[in-house]
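Observations on the three-dimensional arrangement
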Amino acid sequence: MTEPARKDDELALDPDLGFDADADADSAIAIAVVGMSGRFPGAPDLHTYWANLRDGVCSLTDFTEAELLADGADPEEPRRPEYVPAKGYLAGADRFDADLFGFNRTEAAALDPQHRLLLETAWAALEDAGQDPLAVTARTGVYVGGSLTEHMLAAQTDRALAASLGAMQVRILTDREFLAPWISYRLGLEGPSLTVQSACSTSLTAVHLAAQALLLGECDTALAGGVSVDTVRRQGYVHHAGGIFSPDGRCRPFDERAGGTVPGSGVGVVVLRRLSDALADGDPVRAVLRGSALTNDGATKVGFTAPGVEQQTAAIVEAWSAAGLAPSAAQYVETHGTATELGDRIELAAATAAFTTGGAPDIPIGIGSVKSNIGHLDAAAGVASFIKAVLMLEHATLAPTVNLTTPHPELALDTTPFRVVDRTAPWPRPAEGPRRAGVSSLGIGGTNVHVVLEQAPDRPTPTAPQAPRPATAELLPLSARTEEALTTLAARLATALRAPDAPSLTDTAHTLRTARTPLDVRVYVLAAHPEQAADRLTALAEGRPADNREEDPEADGLRELRELGELWLKGGSVPWPEPAPGARRVSLPTYPFEPRSFGALTLPRPGTTARADTPEDTGPAASARNDLTRAVSALLAEALGLDDKTPPAPETTYFSAGGDSLTAVHLVGRLRDDFGIDVPITLFLEELTLQELAARVVESKEAEEADEADEGAGAEDSLGALLAEFEAE
């Protein structure tokens, strides 16, 4: 990692940053992890993800034949002996809170599920970082990547969809190269916006690139991560002897029964800032990225898909060198760990060479792989490992690698500096320095990434005892897009305030005022202590009013706060008072999205056409047609002066509704200008009902777009070859 473009001099002069800058000058190039969000198999949020990791839960799902058939499997496929009905399945991957992000129904149905998931996860990660997702003031970059998806391939070979939406719009809504730009556009982020692709190491490569951009001054905040949802369906895989997939649907890194990995789906995004900026601004630092490095195996391996020892070793050594540390300073390494015979053996050999550089560690370094819990998430694999390591550092706890019975004898672990973490254990702080971990991710094609993580610096404590402060009421403003979302948010916040590690009421109020997007449905709570706030939030969640009249009689400033609360309820911005001394933004429950299913397009089997998982009349093509029909009908009603509250009778024709030739000329021009539809004026001279007339106008639009799609048939034929290759795999 290179030197930062600025802030290094400031760091050495600030005595309140929580560490000795003179003794640890290389902290000037450290990156803070200030926010995270993710959804993984068996875990709709990071709280559940950590609980599963800590408790050693294997979240791989075994599907029944009925589940596979219900989701469109070929009836013969699950009965093949080599078919394995298992996956790291991501429930609800077809769902999306389209209204919150400004997508209409047609766009949302066509939008690839990976885009939908990344948008929601980026929003939640920014909230976790103490940032209003729609008002991020710092120049913010986006570095994300994704996998090839069934929805994308099906959409780009669907001529009907191209005819209804336009081929370019279909590509923009489905191609993974637009993953980053959609986030930047919908959240108004004006820093670099890059979609990153390096196969299985994509999302950790994105983290490395984001860190580099921060140090070079290209942005001041960065979102980094990845997503992988090859299909929203329940679907297993075919095991081939000697291939990378497990024969029994379980991933067992470093175990004598290891036979390969298991595919999975998931999404994760982290928010990064320069450590100096994060500490100066009071951000909730969750961990510190001390160094990272990126290499490629080049031709130093037996084949394109095979891993190589030399450059894996180089990536690790370079990352720890960038951190100003010896690799032996690590206490834990989260490995790529696919459980393939060649992969684990080469990765362990490379790591052994790297972590004994400059001398072997005094105590064996723990290793593990989250793929044993959730499977191999392809483009999201690296960020899943990264988030696991951050959570372990935060909780000072080592989470186990599951499905492990006996270490593989050929790996000869007793001759390495490592031990596999096979049970949950405390992670004590070393005698010298903080807890530190390495995270590796390796991509097919040879792109190797390694990052060095360190526990967050301790917050500075006052040198003199503080006099007890009198109870002071705080106003907690909450908002959401709907009443249902608001009650869910109130319930989650009440739970958070009752937790043993609950934030202070002052920090909670400051975060809610400055780090949440003000939405239309609003409430507020007045309280003098967390228990009182939790009780009143619970009342709101249960449909009862929060009694803000019975505040602690010792609390002060109640009238002013109540006036601000009433102003908050009226909408618009509120001139919140300056935060209390020492107030900082903290991690609170993020927005409770209200997703509904928009399905996903699926690949056709021989003799069929691509279909959507949603019913035919709610698929993207049909939805676009219905929306256009309604818009054209509204234009006809407007031109004819019809009451929009009283629909005309079904038999009403254009002429019986008062239409004439002059109105027809007006409508021809409006259809061309408003919708890009060219219709002959003679269409209005036919004896058609208004419903029939609207349908004929829409049909003319579809016919014109179908002609345009046919002109691009040659390009679609080449995509058909890609589709055939995808089916073969």
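Every value quoted in this text rests on a predicted model; they were computed, and no experiment measured them. (Residues numbered from 1 in each chain as written. Predicted model: local features only at pLDDT ≥ 70, side-chain atom pairs only at ≥ 80, totals over all residues. Heavy atoms only, no water.)

**What about the overall build of the protein chain?**
The test is simple: The secondary structure listing takes helices from DSSP runs of H or I that are at least 4 residues long and strands from runs of E that are at least 2 residues long, numbered from the N terminus. Burial here depends on accessible area, computed with a 1.4 Å probe over protein chains only, as a share of the maximum for the residue type. Under 20% is buried, over 50% is exposed, and the range in between is partly exposed. Here, residues are in contact when the closest pair of their heavy atoms is within 4.5 Å. All accessibility values rest on the Shrake-Rupley procedure with a 1.4 Å probe; residue burial counts only the protein chains present in the view.
A count of helical and extended segments in the protein chain gives 23 helices and 23 strands. Here the protein chain, with 729 residues, has 56% of them falling under the buried criterion. Long-range contacts, defined as pairs at least 24 residues apart, comprise 78% of the intrachain contacts of the protein chain with a sequence gap of at least 6. Only carbon and sulfur atoms are counted for the fraction: they give 53% of the accessible area of the protein chain, which is about 30,600 Å².

**As for the sheet that holds strand E1 (residues 31-39)**
Going by this rule: Here a strand pair is declared whenever DSSP counts at least two bridges between the two strands. Inter-axis angles, ranging from 0 to 180 degrees, are taken between N-to-C directions of lines fitted to C-alpha atoms, where helices are fitted over the stretch in contact.
Strand order in the open sheet made by the 11 strands is E7-E6-E8-E10-E1-E11-E18-E17-E12-E13-E15, with mixed pairing throughout. Taken across any chain shown, the strands that pair with only one partner, and hence form the sheet edges, are strand E7 (193-195) and strand E15 (418-420). The mean angle between the axes of side-by-side strands here comes to 25 degrees, regardless of whether they run parallel or antiparallel. Where E1 meets strand E10 (residues 266-274), eight bridges bridge the pair, whose relative direction is antiparallel. Each bridged residue has a counterpart across the sheet, and for Gly38 the counterpart in E10 is Gly268. Those strands touched by helix H5 (residues 113-128) are E1, strand E6 (140-146), strand E8 (221-228) and E10, and its axis lies near 135 degrees from that of E1.

**Re unusual backbone geometry**
One non-glycine residue, Ala199, lies in the positive phi region at around 60 degrees. Relative to the helices and strands, Ala199 resides in the loop between E7 and helix H10 (202-215). Note on Ala199: relative accessible area 28%, which makes it partly exposed. Phi angles above zero are rare outside glycine, and Asp378 is one such case at about 55 degrees. Using a relative accessible area of 29% as the deciding quantity, one classes Asp378 as partly exposed.

**A word on the packing of helix H16 (residues 483-498) against helix H18 (residues 530-541)**
So the rule is basically this: When describing relative orientation, an angle under 35 degrees is termed roughly parallel and one over 145 degrees roughly antiparallel, while 65 to 115 degrees is termed roughly perpendicular and anything else oblique. Helix crossings fall into two classes, left-handed where the near helix is turned counterclockwise from the far one by less than a right angle and right-handed where it is turned clockwise. Asp, Glu, Lys and Arg are counted as charged, while Ala, Val, Leu, Ile, Met, Phe, Trp, Tyr, Cys and Pro are counted as nonpolar; the rest, among them Gly, fall into the polar class.
Two elements in contact, H16 and H18, have axes whose closest approach is 8 Å; the angle formed by their N-to-C orientations is 155 degrees. By the angle class used here, H16 and H18 are roughly antiparallel. As for the relative orientation of H16 and H18, their crossing is left-handed in sense. On the side of H16, the interface is formed by Thr487, Ala490, Ala491, Leu493, Ala494, Leu497 and Arg498, while H18 contributes Pro530, Ala533, Ala534, Asp535, Leu537, Thr538, Leu540 and Ala541. Residues belonging to the contact of H16 with H18 are distributed by class as follows: 11 nonpolar, two polar and two charged.

**Observations regarding H18**
The cut-off we apply is this: Each helix should span, by expectation, one fewer than its residue count multiplied by 1.5 Å.
Here H18 is 12 residues long and its end C-alpha atoms lie 16 Å apart, about the 16 Å a rise of 1.5 Å per residue gives. Buried residues of H18: Gln532, Ala533, Ala534, Arg536, Leu537, Thr538, Ala539 and Leu540, and no others. Along its buried surface, H18 packs onto strand E19 (474-480), H16, helix H17 (505-514) and strand E20 (521-527). Looking one or two residues beyond H18, the residue adopting positive phi is Gly543, at roughly 85 degrees.

**Quick word on the nonpolar core**
For the record, the criterion: Within this scheme, the nonpolar core is defined by two criteria: the residues are buried Ala, Val, Leu, Ile, Met, Phe, Trp, Tyr or Cys, and they are joined through side-chain atoms within 4.5 Å.
Phe103, Ile183, Leu476 and Leu478 are the most contacted members of the largest nonpolar core, which totals 76 residues. Non-local contacts of Phe103, meaning those with residues more than four positions away in its chain, are made with Phe96, Ala98, Ala108, Leu111, Leu119, Leu173, Trp182 and Arg186. Listed in part, the 51 residues of the second largest apolar core include Val33, Leu46, Leu215 and Met392.

**Thoughts on the side chain of Glu334**
Where we set the bar: By the criterion applied in these results, polar contacts are pairs of N or O atoms within 3.5 Å in which, for protein atoms, one can donate a hydrogen and the other can accept it, and in which residues neighboring in sequence qualify only through two side-chain atoms.
Tracing the sequence through the fold places Glu334 in strand E12 (residues 332-334). A polar side-chain atom of Glu334 sits 2.6 Å from a polar atom in the side chain of Tyr332. A polar contact is formed between the side chain of Glu334 and the side chain of Lys388, at a distance of 2.9 Å. Discounting residues that sit within four places of it in the chain, Glu334 has contacts with Gly368, Ser369, Val370, Ser385, Lys388, Gly438, Val439 and Ser440.

**Re the packing of aromatic side chains**
Defined as follows: For Phe, Tyr and Trp, where Trp contributes only its six-membered ring, two rings pair if their centres lie within 6.5 Å, and the inter-plane angle classes them as stacked under 30 degrees, edge-to-face over 60, or tilted in between. Two limits define a charge over a ring: the Lys NZ or Arg CZ must be within 6 Å of the ring centre, and within 35 degrees of the ring normal.
Inspection of every chain in the model, using the stated rule, returns 17 aromatic pairs. Pairing Phe355 with Phe418 gives two aromatic rings, centres 5.7 Å apart and planes at 80 degrees, and the pair type is edge-to-face. Taken together, the positions of Phe355 in helix H13 (residues 341-355) and Phe418 in strand E15 put the pair 63 residues apart, joining distant regions of the chain. You can call Phe355 buried: its relative accessible area is 0%. On the basis of relative accessibility, which here comes to 6%, the residue Phe418 falls in the buried class. Three or more aromatic residues joined by ring pairs form one cluster here, namely Phe96, Phe101, Phe103, Trp123, Trp182, Tyr185, Tyr591 and Phe593. Over the aromatic face of Phe304 sits the side chain of Lys301, whose NZ or CZ is 5.6 Å from the ring centroid. A cation sits over an aromatic face here: Arg522 above Trp568, 4.1 Å from the ring centre.

**Some remarks on the environment of Ala109**
Mapped onto the elements of the fold, Ala109 is located in helix H4 (residues 105-110). By relative accessible area, which is 2% here, Ala109 ends up buried. Distance in space between the C-alpha atoms of Ala109 and Gly599 is 6.8 Å, their sequence separation being 490 residues.

**A closer look at the confidence of the model for the protein chain**
Selection criterion: Scored from 0 to 100, pLDDT reflects the predictor's confidence in each residue.
On average, residues of the protein chain score 87 in pLDDT, and 87% of them are at 70 or above. Within the model, pLDDT remains below 50 along residues 2-25, and this stretch shows 39 contacts once partners closer than five positions in the same chain are excluded.

**What to know about H5**
In this model H5 runs 23 Å from its N-terminal to its C-terminal C-alpha over 16 residues, within 8% of the 22 Å that 1.5 Å per residue would give. By the N-cap criterion, in which a side-chain oxygen at the helix start approaches the backbone nitrogen of a residue two or three places on, H5 is capped by Asp112, the distance to Gln114 being 2.8 Å. One or two residues past the end of H5 sits Gly130, with phi positive at roughly 75 degrees.

**Observations regarding the pattern of salt bridges**
Under the convention used in this document: Salt bridge criterion: a side-chain nitrogen from Lys or Arg within 4 Å of a carboxyl oxygen from Asp or Glu.
Counting across every chain of the model gives 36 salt bridges. Residue Asp230 pairs with Lys87 through a salt bridge whose shortest N-O separation is 2.6 Å. Note that Asp230 is positioned in the loop between E8 and strand E9 (237-238) and Lys87 in strand E4 (residues 86-87), a separation of 143 residues in sequence. Owing to a relative accessible area of 2%, Lys87 belongs among the buried residues under this scheme. One salt-bridge network, in which partners are shared between bridges, spans Asp97, Asp99, Arg481 and Glu594.

**Describing the side chain of Ser441**
The topology assignment puts Ser441 in strand E17 (residues 436-442). In this structure the side chain of Ser441 is engaged in a polar contact, spanning 3.5 Å, whose partner is the backbone oxygen of Cys200. Residues within four places of Ser441 in sequence aside, it is in contact with Cys200, Ser201, Leu204, His336, Gly382, Thr447, Asn448 and Val449.

**Notes on the pairing of E1**
Counting buried positions over the nine residues of E1 gives nine, a clear majority of the element. As paired elements, E1 and strand E11 (residues 287-296) share three bridges and run antiparallel to each other. Bridge assignment links Val33 to a residue of E11, and that residue is Ala287.

**Regarding the environment of Ala412**
Tracing the backbone through its elements, the reader meets Ala412 in the loop between strand E14 (397-398) and E15. C-alpha separation for the pair Ala412 and Arg345, spaced 67 residues apart in sequence, amounts to 9.5 Å.

**Re the environment of Ile444**
Mapping Ile444 onto the fold places it in the loop between E17 and strand E18 (447-455). Under the relative-accessibility criterion, Ile444 is labelled partly exposed at 41%. For the pair Ile444 and Thr305, spaced 139 residues apart in the sequence, the C-alpha separation amounts to 5.1 Å. Apart from the residues within four sequence positions on either side, Ile444 is in contact with Ala199, Cys200, Phe304 and Thr305.

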